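Fold and contact review
One-letter residues, chain by chain:
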Amino acid sequence: MRAQSDKPKPPPNQPATFAKVSYGEHERQVLDFWKAPSDKPTPVLIYIHGGGWVRGDKKAVPYVQKYLDAGISVVSINYRFSWQAQLAGVKPPVEWPLRDAARAVQFVRSKAVEWNIDKQRIAASGKSAGACSSLWLAFHDDMAAPKSTDPVARESTCLTCAAVNIAQTTLDPQQMKEWTPNSRYGGHAFGFMDPNDLKTRDTRFTEFLEHRAEILPWIKEYSPYEYASAGDPPVYLYYDNAPALGKSPRDPTHTANFGVKLQEKLNTLGVSCELVYPGAANIKHATIEDYLIDTLKR
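Residues numbered from 1 in each chain as written. Predicted model: local features only at pLDDT ≥ 70, side-chain atom pairs only at ≥ 80, totals over all residues. Heavy atoms only, no water.

Of the regular secondary structure elements, the protein holds 11 helices and eight strands. When its C-alpha atoms are laid out on the principal axes, the protein stretches across 55 × 45 × 35 Å. Counting all 298 residues of the protein, 56% fall into the buried class. A separation of at least 24 residues holds for 74% of the contacts in the protein among residues at least 6 apart in sequence. (Helix = DSSP H or I, 4+ residues; strand = E, 2+ residues; numbered from the N terminus. Buried < 20%, exposed > 50% of the residue type's maximum accessible area, 1.4 Å probe, protein only. Contact = heavy atoms within 4.5 Å.)

Attention shifts here to the confidence of the model for the protein. Of the residues in the protein, 97% reach a pLDDT of 70 or more, and the chain-wide mean stands at 96. In this model residues 1–5 is a low-confidence stretch, pLDDT under 50, and it forms 17 contacts with partners more than four residues away in sequence or in other chains. (pLDDT = per-residue confidence, 0-100.)

This structure, assessed with the given rule, holds zero disulfides. Among the cysteines around Cys161, which has no disulfide bond, Cys273 carries the closest sulfur, lying 12 Å off. (Disulfide = S-S within 2.5 Å.)

Let's shift gears to the pattern of salt bridges. A full pass over the atoms with the stated rule returns 14 salt bridges. Between Arg103 and Asp150 there is a salt bridge, and its shortest N-O distance comes to 2.7 Å. Linking Arg103 in helix α3 (residues 95–110) with Asp150 in the loop between α5 (129–139) and β6 (161–165), this pair joins segments that are 47 residues apart in sequence. Taking relative accessible area as the criterion, Asp150 reaches 26% and is therefore assigned partly exposed. Taking the shortest distance from any N to any O, the salt bridge between Lys119 and Glu155 comes out at 3.1 Å. One end of the pair, Lys119, is in strand β5 (residues 117–127); the other, Glu155, is in the loop between α5 and β6, with 36 residues separating them in the sequence. (Salt bridge = Lys/Arg side-chain N within 4 Å of Asp/Glu carboxyl O.)

The sheet built from eight strands is open, its strands ordered β1-β2-β4-β3-β5-β6-β7-β8 with mixed pairing. Each edge of the open sheet is held by one strand with a lone partner, namely β1 (18–22) and β8 (273–276). Strand-to-strand twist of the sheet, defined as the mean angle between neighbouring strand axes without regard to direction, takes the value 20°. Where strand β3 (residues 42–48) meets β5, six bridges bridge the pair, whose relative direction is parallel. Across the sheet, Ile46 pairs through a bridge with Ala124, a residue of β5. In the packing of α3 onto the sheet, the strands contacted are β1, β2 (30–34), β3, β4 (73–77) and β5, and the crossing angle to β3 comes to about 155°. (Pairing = 2+ DSSP bridges. Axes fitted to C-alpha atoms, helices over the stretch in contact; angles between N-to-C directions.)

Leu31, Trp53 and Ile77 are the most contacted members of the largest nonpolar core, which totals 68 residues. The element best represented in this core is α5, accounting for eight residues. (Core = buried A, V, L, I, M, F, W, Y, C linked by side-chain atoms within 4.5 Å.)

Now for the packing of aromatic side chains. What the rule picks out here adds up to 13 aromatic pairs. Taking the centre distance of 6.2 Å and the plane angle of 75° together, the rings of Phe107 and Trp115 count as edge-to-face. Across the pair, Trp115 and Phe107 agree in class, each one buried. Taken together, a centroid distance of 5.8 Å and an interplanar angle of 85° make the contact between Phe205 and Phe208 edge-to-face. Of this pair, Phe205 and Phe208 both sit in helix α7 (residues 205–210), separated by three residues, roughly a single helical turn. Its relative accessible area of 0% is what places Phe208 among the buried residues. Sitting above the plane of the Trp96 ring, Arg80 keeps its charged end 4.2 Å from the centroid. Seen from the ring of Tyr225, Lys265 lies directly overhead, with NZ or CZ sitting 4.4 Å from the centre. (Phe/Tyr/Trp six-rings, centres within 6.5 Å; stacked < 30°, edge-to-face > 60°. Lys NZ or Arg CZ within 6 Å of the ring centre and 35° of its normal.)

When you line up the elements, Glu210 lands in helix α7. Residue classification places Glu210 among the exposed residues on the basis of a relative accessible area of 60%. In this structure the C-alpha to C-alpha distance between Glu210 and Gln174, which are 36 residues apart in sequence, comes to 9.5 Å.

Attention shifts here to helix α8 (residues 212–222). Turning to α8, its buried residues number three or more, namely Arg212, Ile215, Ile219 and Tyr222. Along the axis of α8, the buried residues cluster in a sector spanning 85°; they form a single face. Opposite the buried face of α8, by more than 90 degrees, sit the exposed residues Ala213 and Pro217. Turning to α8, the residues buried within the fold contact α3, α5, α6 (173–179), α7 and α9 (224–227). (Arc of directions from axis to C-beta.)

Here is the structure:
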């Protein structure tokens, strides 16, 4: 199997149908929308960019034209960064990027008639932190607030599926350490970094682990693994490396160990989970795009 990272780069995206649409008041709460031509409401893919929740941009969305050609509209979002939340005194800082992802789903649903979108066929995808956000959305109970005076907040946050690339599936430092001994990621989500120096993002894992008991309620609220339960939508996990549980890979932040352990849990729950990595057996969908098109167009 050719690694996703070895695939030919997709051509540049055509201009969005609507660009920099605000779904909130902050300058980072904006999205781009590409409308697939169709007489009927189309499925929509919501893409959440990576960058560890501290950097990145919505322009990173790949293969827009492939989805449009398949009759799937595309949304790519920006969101408030965790370091911005930390400077604003938000605890835990990861609340902002994850809640923004949920808000974006609700906003897109609120545009269903105007944008010719099928509310019942919405998927999320992303890379790294954007992948983690997508899984959190997929597993989380519906965050709609039916009695809200805000019509957007009354919309559902539920997904049809999620298909993600090199996802972190847990934000629990104890789990990460058990699965991958040289883990270093995640502390920044809960305030263990200097928000004025992004280079400190992965430098305080030991402190993160030492304070785990104190922040466990936050971990349970914002770790995708914690929410996985029977009845969740199907997910697809792609990694460009083979798993090696209990070992120390070159890139522990994006190890396929995350995928193996999530798939184990989902299998016990009866939730469909396709896990793809170099050397994986019985691959049904070789790429994220193939999976999403197949699933959303059924």
